[in-house]
Amino acid sequence: MLNVGKIEEGFVLDHIKAGKSLELYHHLGLDKLDCTVAIIKNARSNAMGKKDILKVECNINTLNLDVLAFVDPDITINVIKNGEIIEKKSLPLPKEVKGIIRCTNPRCISTIEQELPQIFYLADDHRAIYRCRYCDAAYNPNGITG
Amino acid sequence: MRHLITPLDFSVGELDRLFDLADDMREHQERYAHLCDGKKLASLFYEPSTRTRLSIETAMLNLGGRTMGFSDAGSSSAAKGESVADTIRTVSCFADIAAIRHPKEGAATVAAQFSRIPVINAGDGGHQHPTQTLTDLLTIRNLKNRLSSLTIGLCGDLKFGRTVHSLVNALARYQDIRFVFISPPELRMPDYITEFLDDRGIHYEEYIRLEEVIGKLDLLYMTRVQRERFFNEEDYVRLRNFYILDAEKMSLAKNDMFVLHPLPRVNEISVEVDNDPRAAYFRQVQFGVYVRMALIATLLELV
């Protein structure tokens with residue numbers, strides 16, 4: 001078993017779908033932050049078989065985690081302070097997702113207009129449906145619908 | 001600064017004021033003949049349009065303003081590859097208000113984002129056509145003296161028809177509205193619209209044949225059923241007559257059931273219906289001018 005040292009302050013993001021940790025690393029902007037990050041891929045998990053874990057050593061106020069609920073609502077977020085878990089966070093779906101997904105509706109203006117930010121808004125909280133801010137096409141991981 | 005990008009950009013109260021103004025403009029057109037003196041409308045039409053462009057330009061002329069622009073993308077800088085964002089930034093230096101029609105969905109949203117003048121969405125692909133919706137609402141309000149407690153039939157291509165989607169969304173905000181959707185199974189109302197109605201507890205029924213239900217309606221909104229929407233020719237031939245409104249079907253309707261149509265009409269309403277006093281689709285075009293006059297005056301903050 002691989003051992004990664006304890007962190008004093010920061011986050012442990014557990015139960016990430018195996019292979020998805022690098023994607024999260026970029027979504028959270030960790031590539032732009034000067035902090036210690038441990039990426040653990042394909043760790044053994046009783047519940048999931050395999051999982052990824054991200055350990056981030058940082059001030060707990062510096063990281064915006066809102067996007068996690070959109071990327072994978074099953075991720076466990078442990079908030080660490082003074083080496084102890086002080087909170088297990090569950091996040092609501094973000095109202096807006098910017099720069100994470102692209103609109104695949106071929107008729108959408110965002111497919112031809114330069115430098116237009118890709119923005120999706122939460123259209124239906126219960127069904128977790130996001131729609132493109134420009135054309136209102138619904139996003140799902142397999143492509144645009146309705 | 002306000003824009004009109006979707007019909008829901010205006011609250012029900014704001015729409016009431018807009019429609020009151022449109023009615024006043026209809027009754028006292030001379031009072032408003034110089035309201036827009038010295039103002040310029042840029043009409044940016046990236047694809048052909050007859051009614052909408054002429055209606056918006058007529059509205060501005062009726063108010064004493066002037067119009068300029070282009071009526072197809074080939075004669076604009078879009079042909080050179082200019083973005084919508086850059087075009088509207090430039091046009092903001094020339095005009096006081098802009099109307100944009102563009103084949104891409106969301107183009108008007110982008111224009112509004114980068115504009116320094118009010119933007120009217122005159123149709124963005126299959127997405128939104130809010131001035132048509134305002135026209136429809138003003139017409140209904142005038143014909144029925146209300147926008148609530150109505151049974152409204154929408155007939156024809158309900159899957160791809162942007163005007164019917166916008167109209168349902170807009171009417172859903174009024175009390176006691178009952179929808180009747182009449183279409184071939186292939187062209188039924190999309191799930192996201194019926195889910196929207198389910199979530200709000202708004203009543204709707206779905207039918208395949210118009211004559212089964214026409215007698216229950218207070219209003220009938222017709223749309224065109226296009227041959228190319230069908231999977232095969234056999235189904236088109238079998239179903240097309242269900243969606244053609246003729247004198248026989250009109251004989252089953254109430255005496256005060258009005259017929260609306262966003263036009264252009266092809267053959268889905270027989271010309272014999274045109275002389276029926278309940279045929280309101282050409283009056284609808286006239287209401288479209290008044291509502292656009294009221295809209296321009298409102299967005300320019302001249303009233």
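Residues numbered from 1 in each chain as written. Chains lettered and ligands numbered in written order. Predicted model: local features only at pLDDT ≥ 70, side-chain atom pairs only at ≥ 80, totals over all residues. Heavy atoms only, no water.

Some remarks on the pattern of salt bridges
Next up, step 1: Counted by the stated rule, this structure contains 24 salt bridges over all chains.
Next up, step 2: Residue A:Lys20 is joined to A:Glu23 by a salt bridge in which the shortest nitrogen-to-oxygen separation is 3.4 Å.
Next up, step 3: By relative accessible area, A:Glu23 is classed as partly exposed at 35%.
Next up, step 4: Between B:Asp218 and B:Lys254 there is a salt bridge, with its nearest N and O atoms 2.9 Å apart. Taken as a pair, B:Asp218 in the loop between strand S7 (204–207) and strand S8 (219–222) and B:Lys254 in the loop between helix H9 (247–250) and strand S9 (258–260) lie far apart in primary sequence, 36 residues in all.
Next up, step 5: For B:Asp218, a relative accessible area of 8% puts it in the buried group.
Next up, step 6: B:Lys254 sits in the partly exposed class, given a relative accessible area of 31%. (Salt bridge = Lys/Arg side-chain N within 4 Å of Asp/Glu carboxyl O. Buried < 20%, exposed > 50% of the residue type's maximum accessible area, 1.4 Å probe, protein only. Helix = DSSP H or I, 4+ residues; strand = E, 2+ residues; numbered from the N terminus.)

Comments concerning the interface of chain A and chain B
Next up, step 1: Each side of the interface is counted separately: chain A has 17 residues, and chain B has 18 residues.
Next up, step 2: Buried surface at the junction of chain A and chain B, both sides included, amounts to about 1,300 Å², of which 49% is carbon and sulfur.
Next up, step 3: The largest contributions to the chain A side of the interface with chain B come from A:Ile109, A:Glu113 and A:Arg127, which together make up 34% of the buried area.
Next up, step 4: In this assembly, chain A and chain B are joined by three salt bridges.
Next up, step 5: Across the pair A:Arg127 and B:Asp199 runs a salt bridge, and its minimum N-O distance is 3.1 Å.
Next up, step 6: On the surface where chain A and chain B come into contact, there are nine residue pairs in polar contact (both at pLDDT 80 or more).
Next up, step 7: A per-class count over the side of chain A that touches chain B returns seven nonpolar, three polar and seven charged. (Contact = heavy atoms within 4.5 Å. Buried area = accessible area lost by both parts, 1.4 Å probe. Polar contact = N/O pair within 3.5 Å; in protein donor to acceptor, adjacent residues only side chain to side chain. Nonpolar A, V, L, I, M, F, W, Y, C, P; charged D, E, K, R; others polar.)

Quick word on the sheet that holds strand S1 (residues 40–45) of chain B
All names here are of chain B.
Next up, step 1: Read across the open sheet, the four strands follow the order S2-S1-S3-S4; overall the sheet is parallel. Across the chains shown, the open sheet's two edge strands, defined by having one partner strand only, are strand S2 (66–70) and strand S4 (119–124). In this sheet, neighbouring strand axes are inclined to one another by 15° on average, regardless of whether the strands run parallel or antiparallel.
Next up, step 2: For strand S3 (residues 97–102) and S4, the ladder comprises four bridges, and the chain directions are parallel. Note that in S4 the partner of histidine 102 across the bridge is aspartate 124.
Next up, step 3: In the packing of helix H10 (residues 281–299) onto the sheet, contacts are made with S3 and S4, and the angle to S4 comes to roughly 140°. (Pairing = 2+ DSSP bridges. Axes fitted to C-alpha atoms, helices over the stretch in contact; angles between N-to-C directions.)

Structural notes on the packing of helix H6 (residues 162–171) of chain B against helix H7 (residues 191–199) of chain B
Two measures define how a pair of helices packs: the angle their axes make with one another and the distance between the axes.
Residue and element names in this part refer to chain B.
Next up, step 1: Packing of H6 against H7 leaves a shortest axis separation of 11 Å and a crossing angle of 10°. Our classification of the angle between H6 and H7 gives roughly parallel. Between H6 and H7, the residues in contact are His165, Val168 and Asn169 and Tyr192, Ile193, Phe196 and Leu197, respectively. (Parallel < 35°, antiparallel > 145°, perpendicular 65-115°, else oblique.)

Examining empty space enclosed by the protein
One way to see where empty space is left: roll a probe the size of a water molecule over the atoms.
Residues and elements named next belong to chain B.
Next up, step 1: Per the stated rule, a full pass over the model turns up one cavity of 30 Å³ or more.
Next up, step 2: As a volume, the largest cavity reaches approximately 80 Å³.
Next up, step 3: If you trace the largest cavity, you find it lined by Val225, Tyr236, Arg240, Tyr243, Ile244, Asn267 and Glu268. (1 Å grid on protein atoms, 1.4 Å probe; cavity = no way out; pocket = protein on both sides within 12 Å on 5 of 7 lines; lining within 4 Å. Points joined across faces, edges and corners; volume = space filled by probe spheres on them.)

Thoughts on the domain arrangement of chain A
You'll often see interface size given as the accessible area lost when the parts meet.
Next up, step 1: Here chain A is described as being made up of domain 1 (10–89) and domain 2 (96–145).
Next up, step 2: Computed from C-alpha atoms alone, the centre-to-centre distance between domain 1 of chain A and domain 2 of chain A is 25 Å. (Domains from an automatic or database assignment.)

Quick word on the pairing of strand S1 (residues 10–17) of chain A
Residue and element names in this part refer to chain A.
Next up, step 1: By the criterion of burial, S1 is predominantly enclosed, with six of the eight residues buried.
Next up, step 2: Note: S1 against strand S4 (residues 76–81), five bridges, orientation antiparallel. In the strand pairing of S4, aspartate 14 is matched with threonine 76.

Things to note about the domain arrangement of chain B
All names here are of chain B.
Next up, step 1: Structurally, chain B comprises domain 1 (7–128 + 288–299) and domain 2 (131–284).
Next up, step 2: Once you take the C-alpha centre of each, domain 1 and domain 2 turn out to be 26 Å apart.
Next up, step 3: Counting from both sides, the interface comprises 29 residues of domain 1 and, opposite them, 20 residues of domain 2.
Next up, step 4: The interface formed by domain 1 and domain 2 holds two salt bridges in total.
Next up, step 5: Of the charged contacts, one joins aspartate 23 and arginine 141 as a salt bridge, the two residues approaching to 2.8 Å between their closest N and O atoms.
Next up, step 6: When contributions to the side of domain 1 that touches domain 2 are tallied by element, the ones reaching two or more residues are helix H1 (12–27), helix H2 (51–62), S4 and H10.

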